[in-house]
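# Chains, contacts and geometry: an overview
Okay, here's what each chain looks like letter by letter:
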Amino acid sequence: MTLMGFLRKDGSLGIRNHLFAMPAVVCANQVALDEAQKHPQIKYIEHQHGCAQIGADLEQTRQVMMALALHPNVYATMIVGLGCEGVIARNLYKDARAKSQKNVDLVVIQESGGTLGTENQIDQWVSQRETEMAPLQRSPIQWSDLVVGVMVDPGLAKAALPQSCVQTLFEAGARVVLPANQRDLAASWTTPLPTVDYGNAAPNPVWLMQPGANELETATGLTAAGAHLLLHLTAHPHAFGSPLAPTVRWCVEEPCYHQFHGDFDGQLQDKLDLPRLMDQLAHIASGQHSVAETYSMDDFALYRIGPTV
Amino acid sequence: MNFLGYPRADGRIGVRNHVLILPVSYEMNQVADRIARTVPGAVTFRNQHGLDQSGEDLAQTLRVYKGFASHPNVYGVVLLGWGHEPFDLMEIADAAVIAGKPVELITLEQVGGMRQAIERGQHSAKLFLTDRDQSPQESVPLSNILLGTECGGSDACSGISANPALGVVSDKVVAAGGTSILSETTELIGAEHLLAQRAVTPEIGAQILYIVRRIEESSMRMGVDLRGAQPAPGNIAGGITTIEEKSLGCIHKAGHSPIVEVIEYAQRPTKSGLVIMDTPGHDIEQLTGMVAGGSQIVIFTTGRGTPTGSPIVPVIKVSTNSFTYERMRDNIDFNAGTIVDRVETVAQAGERLFQQMLDVLNGQRTQAEKLGHREFGIYRIGQSF
């Protein structure tokens, strides 16, 4: 099938047109949460970071937030700051604007009359951005325009079928980012693969990213690395997804799939399932919702490399 | 001095009567959220922890879960687990049962998937919400109160208005036989010698010096000298020049009472009086630690203005200056800027704040409660470096 996506004015390409409310600090969570309840089309994250962080840990948090604000599946981002946070929302906003033509806006709670005043400003932002977005249409894109993040249960990386998945995505033309602790997924590669820090991208067709300390942190990292889609292969039911990258979850074990089929997008039994998987990924890339999207299982956890102070 | 509270089976007193949807790992956040959204009155929070943890770090996280599950402000708990957490879910459930609470434990694995988990959780939450209305309230003495004190977004006024006023309240709670917690170790740096002198024994004094040294060494390992990295940018914009100045203002929150105990993050005090809990300066991780330690109420002073609150504990926000109070009326409960404006003395403002605390203990809702604030964050001590 033909893949359909959104071409952006900055030359990037998205498979969703998200409005993204991003708190730069834990103190701004409630504003994002309230707004997402009021306007269910808003994507948001809720987290405990952005303050009392130091050194490399603070810098990594800043970089991940920047990458999410500029994510290709986002049409417009509203950065929500409190006004005294360590990440400094205003700097994040300025740097994002300097770096990209993405629609990035800023609201600061301490300068907007508190929670409700800030929410009024975001209401106006939503209606303005929605008016702009209304006429936008999808146009044909290629697999080569897309980055797919793949993650699997520990131990599955050595299995033949997940490796074939990665190979099939690569052969279709997609770029693939893998957690560095699952490099076996790319076992068939003869050339060395670059390994980058958590949440970072590389220009290569296939690259490895330092994973988080748990699966949700890794999903956040793959999203920040620019993955348009996440493919999660697992033998367990899960209830999380990325807010920005549609998360597609296939089960690799028959009994588990049988019991929890409603929580999965499909079952991967053998190589004959791969065309069906690729076809579904193409449909989801073109706008069909994955199970995680249907349930709005948008979640976020950030990999921290230093203590809170 | 008495207030109207909910006596619990473990002898503690609640000042609220919440039904808590408690996700013990991130796997259940979305299930928890769907339940809380569809069952008005239930409360929850977002949790990014609970998997791939071990050792002391896991033990600390479990202390937080048990502290929330058994908290006196909680009537009943819907405990949500994935089924593959690296700890015994029954241990958390037992903590709530021992505290006399109805508990429903639901795991994604056992219940058969997300839809079933949501439906089961909705059912139990509704049941608990109906039953909680039968909880009797009694007039009980203030000695039952564990007050958490906090400051965040400090400015040049913090140490002369809101913090000393909170110090008056803290001393009154202690004088009534209650307990007050001073925390945020990072913001004791430079004032630790003064606090050590107030310890009731030399050992407790040494513990105070130890926890300050520990947090400094922890940040040194990140290659950052905290004495150079603090105050935060927002504090500097608010007129604070050095970390010592910030700390000297910070400790005014704790009044003048002697320090009877030093406890770890999220631990319950074993003594009445003024205690120090070792927490980071991070507003929400500190708040979560004090709540898990059993604080039924928190008073939070702020110079720059903060909207935050807890899912299960009323948080009274006190501005240090009138400008911030006027600017963030949605979020601030009390203006101590009157002291700077010379309308009130510290003693007068402290008395007024004490009265407001009694009102809140008796059920008056704080701004953060009205807005539904539910911030939550666990202090992690085992990050992968």
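Attention in this report is confined to the structure presented alongside it. None of these values were measured; they are calculated from a predicted model. Residue positions are given per chain, counted from 1 along the sequence in the order it is written. Labels are handed out in written order, letters beginning with A for the chains and numbers beginning with 1 for the ligands. Owing to the predicted nature of the model, reporting of local features is limited to residues with pLDDT of at least 70; listing and counting of side-chain atom pairs is limited to 80 or more, with chain, interface and lining totals taken over all residues. Side-chain numbers here rest on the full set of heavy atoms in the structure, without hydrogens or water.

### Some details on empty space enclosed by the protein
Think of a 1 Å grid over the protein atoms and nothing else: a 1.4 Å probe that fits but is trapped marks a cavity, an open set flanked by protein within 12 Å on at least five of seven lines marks a pocket, and residues with an atom within 4 Å of a point count as lining. Grid points are joined across faces, edges and corners, and a volume is the space filled by probe spheres set on the points. Applying the stated criterion across every chain yields a total of three cavities of 30 Å³ or more. Space inside the largest cavity adds up to approximately 90 Å³. Together, N29, E46, H47 and Q48 of chain A together with R46, N47, Q48, R374, E375 and F376 of chain B line the largest cavity.

### Observations concerning the sheet that holds strand β10 (residues 195-196) of chain A
Residue and element names in this part refer to chain A. Spatial ordering of the open sheet is given by β10-β11-β9-β8-β12-β13-β14, a layout of seven strands whose pairing is parallel. The open sheet has two free edges, formed respectively by β10 and β14 (266-267), since each of these has just one partner strand. Seen against the sheet, helix α8 (residues 274-285) touches β12 (229-234), β13 (247-251) and β14 and runs at an angle of roughly 160° to β13. Strands pair, by our definition, only if DSSP identifies at least two bridges between them. Working definition: helices are DSSP H or I runs of at least four residues, strands are E runs of at least two. Numbering for both runs from the N terminus. Contacts were defined at the residue level, with two residues in contact if any of their heavy atoms lie within 4.5 Å. Throughout, an axis means a line fitted to C-alpha atoms (over the contacting stretch in the case of helices), and angles, computed between N-to-C directions, take values from 0 to 180 degrees.

### A word on the interface of chain A and chain B
Listed by partner, the interface residues are 57 residues for chain A and 57 residues for chain B. Accessible-area loss on putting two parts together, using a 1.4 Å probe and summing over both, is the definition of buried area adopted here. Counting each side, the surface lost to burial between chain A and chain B is near 4,800 Å², with a carbon and sulfur contribution of 54%. Looking only at chain A, the three residues that lose the most surface to chain B are Q48, Q110 and V309 of chain A, adding up to 14% of its buried area. Note on definitions: salt bridges are taken to be side-chain nitrogens of Lys or Arg within 4 Å of carboxyl oxygens of Asp or Glu. Our count for the contact surface shared by chain A and chain B stands at three salt bridges. Here E46 of chain A makes a salt bridge to R46 of chain B, at a shortest N to O gap of 3.4 Å. N or O atoms closer than or at 3.5 Å make up a polar contact, with two conditions inside protein: a donor-capable atom paired with an acceptor-capable one, and, for residues adjacent in sequence, both atoms drawn from side chains. Linking chain A with chain B are 31 residue pairs in polar contact (both at pLDDT 80 or more). The leading source of residues in the side of chain A that touches chain B is helix α1 (residues 29-38) of chain A, at five residues. For the side of chain A that touches chain B, the class distribution of residues is 29 nonpolar, 19 polar and nine charged. For this classification, Asp, Glu, Lys and Arg are treated as charged, while Ala, Val, Leu, Ile, Met, Phe, Trp, Tyr, Cys and Pro are nonpolar and the rest, including Gly, are polar.

### Examining the layout of surface pockets
Within this model, the largest pocket holds a volume of roughly 700 Å³. Lining the largest pocket are 33 residues, with A42, V43, E369, G372 and H373 of chain B sitting closest to its centre. For the lining of the largest pocket, the elements supplying multiple residues, two or more each, are α1 of chain A together with α1 (29-38), β4 (42-43) and α16 (367-371) of chain B. Of all the elements, α1 of chain A adds the most residues to the lining of the largest pocket, at five residues. Each residue belonging to the lining of the largest pocket can be placed in one class, and the counts come to 13 nonpolar, 11 polar and nine charged. Taken as a whole, the second largest pocket spans an internal volume of roughly 520 Å³. Take the lining of the second largest pocket: its biggest share by element is four residues, from helix α2 (residues 55-69) of chain A. Taken together, the residues that form the lining of the second largest pocket break down as 14 nonpolar, nine polar and five charged. The domain boundaries here were taken from an automatic or database domain assignment. When residues of the lining of the second largest pocket are assigned to domains, at least three map to each of domain 1 (18-133) and domain 2 (142-294) of chain A.

### What to know about helix α3 (residues 89-98) of chain B
All names here are of chain B. Only protein chains enter the accessibility calculation, which uses a 1.4 Å probe; a residue whose area is less than 20% of its type maximum is buried, one above 50% is exposed, and one in between is partly exposed. Of all the residues in α3, the buried ones are L89, I92, A93, A95 and A96. Buried residues of α3, viewed axially, fall in a sector of 150°; they line one side. On the buried face of α3, the contacting elements are α2 (55-69), β5 (74-81) and β6 (103-107). A side-chain oxygen of the first residue of α3 lies 3.0 Å from the backbone nitrogen of M90; this N-cap is D88. It is the directions from the helix axis to the C-beta atoms that the arc portrays.

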